[in-house]
Amino acid sequence: MFTYRTNGTCSRQIIFDVDNENKIHNVKFIGGCGGNLQGIARLIEGRDITEIENTIRGIRCKGNTSCPDQLAKAIAEYKKQQAENEIK
């Protein structure tokens, strides 16, 4: 399970799992617009994290970011941490 603290959005945190094939699962947004965020979570369930990141990066709402944009940033942070762990 990966946890990301959001910045500049109504949601405060994003939690998700990634399987061995880089597919995202169990996405949960803490805070924010419940219905919209549940919809996003269901739409991306089981999809490739790089595809998701590229699709939703740069979507803007308040504060020059959005919950989807923050999810893209969370995925980027997840990938960065995975790469660092492989080096060790």
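Above: the structure in question.
Everything in this summary refers to the structure shown in the same document.

Criteria and cut-off values
Residues numbered from 1 in each chain as written. Predicted model: local features only at pLDDT ≥ 70, side-chain atom pairs only at ≥ 80, totals over all residues. Heavy atoms only, no water. Helix = DSSP H or I, 4+ residues; strand = E, 2+ residues; numbered from the N terminus. Polar contact = N/O pair within 3.5 Å; in protein donor to acceptor, adjacent residues only side chain to side chain. Contact = heavy atoms within 4.5 Å. Core = buried A, V, L, I, M, F, W, Y, C linked by side-chain atoms within 4.5 Å. Buried < 20%, exposed > 50% of the residue type's maximum accessible area, 1.4 Å probe, protein only. Pairing = 2+ DSSP bridges. Axes fitted to C-alpha atoms, helices over the stretch in contact; angles between N-to-C directions.

**Quick notes on the side chain of Ser-66**
Relative to the helices and strands, Ser-66 resides in the loop between helix 2 (49–56) and helix 3 (67–87). Of note is the side chain of Ser-66, whose polar atom sits 3.1 Å from the backbone nitrogen of Asp-69. If sequence neighbours within four positions are ignored, Ser-66 has contacts with Thr-9, Ile-59, Arg-60 and Cys-61.

**Brief notes about the nonpolar core**
The biggest cluster of nonpolar side chains holds 20 residues, and the ones touching the most others in it are Phe-16, Ile-24, Val-27, Phe-29, Ile-52, Leu-71 and Ile-75. When residues of this core are traced back to their parent elements, those giving at least two are strand 1 (2–5), strand 2 (11–18), strand 3 (24–31), helix 1 (34–44), helix 2 and helix 3. Sort the elements by how many residues they give to this core and helix 3 lands first, with six residues. For Phe-16, the contacting residues outside a window of four places in its chain are Met-1, Phe-2, Ile-24, His-25, Asn-26, Val-27, Leu-71, Ala-74, Ile-75 and Tyr-78.

**Notes on the sheet that holds strand 2**
Spatial ordering of the open sheet is given by 1-2-3, a layout of three strands whose pairing is antiparallel. Since the sheet does not close on itself, it has two edges, and those belong to strand 1 and strand 3, each with one partner. Looking at each pair of strands side by side, their axes are set apart by 15 degrees on average, direction ignored. Pairing between strand 1 and strand 2: four bridges, direction antiparallel. Along strand 2, the bridge assignment pairs Arg-5 with Gln-13. Where helix 1 meets the sheet, it contacts strand 2 and strand 3, and its direction lies at approximately 170 degrees from that of strand 3. Contacts between helix 3 and the sheet are confined to strand 1, strand 2 and strand 3, with strand 2 contributing the most and set at about 50 degrees to the helix.

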